[in-house]
Amino acid sequence: AHAETAVHQAKSKGRDQFSVYRRIMTAQVISEFKLEQQLRRGIQSNEIECWLQSKVDDNGNVISAEALARWRHRGKIISPDSFIPLAERLGLINDIGEIIAGYVACCIREARKRIPNFQIAMNVSPRQFMHEDFVTKLCLAFSQEQAPLAGLVIEITENLLIHDIDEVNAIMEQLAAKGVQFSVDDFGTGYSNLKRLQWIPVSELKIDRQFVENGMDGGRGQALLDTIIMMSQSLGMTTVVEGVETQDQFEHLKNKGITQFQGYLFHRPEPMSTWLEALH
Ligand code: C2E
Ligand code: CA
Ligand code: CA
Ligand code: CA
């Protein structure tokens with residue numbers, strides 16, 4: 001009888017937990033469904049914005065910029081970390097990419113009126129990059145804006161390199177022939193086969209901010225940062241360090257031979273219109 005009660009208790013406890021779990025699941029599904037509708041509507045009604053963060057040289061002068069997507073929803077600015085993954089799951093990332101490409105093309109055209117040869121970088125996730133219409137839509141956006149593709153840098157991530165490398169390379173070569181340059185974002189954080197870097201036309205590596213955060217500890221964090229910088233430099237790549245927040249970090253990086261920087265110490269991301277005004 002004792003055992004039976006125990007079994008009964010365990011069962012009902014399990015059922016309770018299951019129903020709690022189901023309630024939480026339902027709440028999540030509902031809110032994701034609502035969010036999905038809102039994002040679809042937001043894309044249609046121009047709520048996706050393009051912000052820009054300048055990159056600087058070792059004197060702090062602006063040399064280029066990175067485009068960063070924002071979602072202006074119900075008066076709030078939503079960060080890409082919360083809507084890009086959702087857009088990826090829903091297959092909406094290509095629509096967002098097209099919107100950003102249009103803004104970036106426009107920005108390149110306008111910036112080049114002030115600074116010849118100015119380049120702007122755009123983030124492209126693997127799913128976007130491998131989409132069959134990617135090259136066509138990108139080129140279309142640039143021709144519509146009458147902007148030169150030579151002003152575009154595409155930031156890919158190491159995770160792109162796990163796809164069929166011949167296919168990836170074919171797409172890159174096609175764009176490189178039109179003057180597009182490539183940068184590997186978040187370098188050192190992915191799972192890529194590093195030797196694949198030598199087969200694709202990449203000219204720049206961006207060292208992720210997590211290495212900079214721990215890069216001044218005088219211990220392993222610093223050894224790691226310095227090693228990753230050395231690796232990038234010996235591969236003959238332009239090395240950009242992102243997430244530079246303090247003067248100490250800046251000095252240390254300059255001593256390591258870094259010449260391109262991005263971070264709150266210099267400039268924060270700002271709306272496209274504000275950024276363009278500041279350039280003029
Ligand atoms: P990311 O490409 O690594 O971009 C750099 C992120 O670091 C940006 O966050 C930027 O605002 C932030 N950041 C820059 N300097 C500093 C600093 O000194 N300190 C700190 N703490 N952060 C700094 P953001 O704008 O929130 O973007 C997050 C990520 O969303 C991006 O990371 C990128 O992976 C993705 N993303 C943004 N826009 C797009 C887009 O148009 N398409 C795709 N596929 N992904 C995008
Ligand atoms: Ca980036
Ligand atoms: Ca990055
Ligand atoms: Ca990142």
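So, how was this worked out
Residues numbered from 1 in each chain as written. Chains lettered and ligands numbered in written order. Predicted model: local features only at pLDDT ≥ 70, side-chain atom pairs only at ≥ 80, totals over all residues. Heavy atoms only, no water. Near = heavy atom within 4 Å. Polar contact = N/O pair within 3.5 Å; in protein donor to acceptor, adjacent residues only side chain to side chain. Areas by Shrake-Rupley, 256 points an atom, 1.4 Å probe, with all protein chains shown as cover. Phe/Tyr/Trp six-rings, centres within 6.5 Å; stacked < 30°, edge-to-face > 60°. Helix = DSSP H or I, 4+ residues; strand = E, 2+ residues; numbered from the N terminus. Buried < 20%, exposed > 50% of the residue type's maximum accessible area, 1.4 Å probe, protein only. Lys NZ or Arg CZ within 6 Å of the ring centre and 35° of its normal.

**Q** How should I be thinking about the site of ligand 1 in this particular structure?
**A** Taken together, 22 residues sit near ligand 1, with Arg70, Asp185, Arg209, Glu245 and Tyr264 positioned nearest. One nitrogen or oxygen atom from the side chain of Asn123 is found 3.0 Å from an oxygen atom belonging to ligand 1. Backbone polar atom of Tyr264 to an oxygen atom of ligand 1: 2.7 Å apart, as the coordinates give it. Burial of ligand 1 by the surrounding chains reaches 86%, relative to a free accessible area of 810 Å².

**Q** How should the packing of aromatic side chains be read in this particular structure?
**A** Two measures describe an aromatic ring pair: the distance that separates the ring centres and the angle between the ring planes. The full count for this structure, using the stated rule, is 7 aromatic pairs. Relative to Trp275, the ring of Phe118 has its centre 5.8 Å away and its plane inclined at 55 degrees; by these criteria the two rings are tilted. Remark: Trp275 occurs in helix H10 (residues 272–279) and Phe118 occurs in the loop between helix H3 (93–114) and strand S4 (120–123); sequence separation between them is 157 residues. In terms of burial, Phe118 and Trp275 fall into one category: buried. Here the aromatic rings of Phe261 and Phe266 are separated by 6.1 Å at their centres, their planes lie at 45 degrees, and the arrangement is tilted. The class of Phe261 is buried, set by a relative accessible area of 0%. Classification of Phe266 as buried rests on a relative accessible area of 18%. One aromatic cluster is present, built from ring pairs that chain together Phe129, Phe134 and Phe182. The ring of Tyr264 carries Arg268 above its face, with NZ or CZ at 3.9 Å from the centroid.

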